[in-house]
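Chains, contacts and geometry: an overview
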Amino acid sequence: MSTIDIKQQKRKKFEDVFIRIRDELIEHMKAEKMPQEANLGYNVPEGKLNRGMSVVDSVEILRGRQLSDDEYFNTA
């Protein structure tokens, strides 16, 4: 598998996890009657994607292994 394919897979995995996190945040904001002006659909995928992915990569490096799905979700 090429480096480009690996990077694309990592990006896709992070984006899939982000969708779950975003949905949970929106539900929490609704339940707490919080303003929902935050543009979560733009700020992370377009602005903070690399930072978020580097956090996951750093934890994997520190642990010396790939993260389980639960660990990945909690890290992201």
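The tally for this structure, following the rule as stated, stands at zero aromatic pairs. Above the face of the Tyr-72 ring, Lys-13 is positioned so that its terminal group lies 4.4 Å from the ring centre. The positively charged end of Arg-20 is found above the aromatic ring belonging to Phe-73, 4.0 Å away from the centroid.

Another point: the layout of surface pockets. Approximately 210 Å³ is the volume found for the largest pocket. Lining the largest pocket we find Ile-6, Gln-9, Lys-10, Lys-13, Met-53, Val-56, Asp-57, Glu-60, Gln-66, Leu-67 and Tyr-72. A breakdown of the residues in the lining of the largest pocket according to their chemical character gives five nonpolar, two polar and four charged.

Let's shift gears to the side chain of Glu-60. Note on placement: Glu-60 falls in helix H2 (residues 40-63). Despite its burial, Glu-60 pairs with no opposite charge; the closest candidate is Lys-10, at 4.6 Å N-O. If near-sequence neighbours (up to four positions away) are discounted, Glu-60 is found in contact with Arg-65, Gln-66 and Leu-67.

Below, the discussion takes up helix H1 (residues 3-31). The end-to-end C-alpha distance of H1 is 42 Å, a good match for the 42 Å that 29 residues give at a rise of 1.5 Å each. Lys-33 sits one or two positions beyond H1 and adopts a positive phi of about 55°.

Assignment of secondary structure puts Asn-50 in helix H2. Given the relative accessible area of 62%, Asn-50 is considered exposed. In this structure, the C-alpha to C-alpha distance between Asn-50 and Arg-11, residues 39 residues apart in sequence, is 8.8 Å.

Following the criterion strictly, the structure yields seven salt bridges and no others. Of the charged contacts in the structure, one is a salt bridge between Arg-22 and Asp-23, with a shortest N-O distance of 3.0 Å. Under the relative-accessibility criterion, Arg-22 is labelled partly exposed at 24%. The exposure class of Asp-23 is partly exposed, given its relative accessible area of 36%. Its salt-bridge partner being Glu-71, residue Arg-65 comes within 2.9 Å of it at the nearest N-O pair. When salt bridges that share partners are traced, they join Arg-63, Arg-65 and Glu-71 into one network.

Here is what the cut-offs are and how they apply
- Residues numbered from 1 in each chain as written.
- Predicted model: local features only at pLDDT ≥ 70, side-chain atom pairs only at ≥ 80, totals over all residues.
- Heavy atoms only, no water.
- Phe/Tyr/Trp six-rings, centres within 6.5 Å; stacked < 30°, edge-to-face > 60°.
- Lys NZ or Arg CZ within 6 Å of the ring centre and 35° of its normal.
- 1 Å grid on protein atoms, 1.4 Å probe; cavity = no way out; pocket = protein on both sides within 12 Å on 5 of 7 lines; lining within 4 Å.
- Points joined across faces, edges and corners; volume = space filled by probe spheres on them.
- Nonpolar A, V, L, I, M, F, W, Y, C, P; charged D, E, K, R; others polar.
- Helix = DSSP H or I, 4+ residues; strand = E, 2+ residues; numbered from the N terminus.
- Buried < 20%, exposed > 50% of the residue type's maximum accessible area, 1.4 Å probe, protein only.
- Lys, Arg positive; Asp, Glu negative; His and termini not counted.
- Salt bridge = Lys/Arg side-chain N within 4 Å of Asp/Glu carboxyl O.
- Contact = heavy atoms within 4.5 Å.
- Expected span 1.5 Å × (residues − 1).

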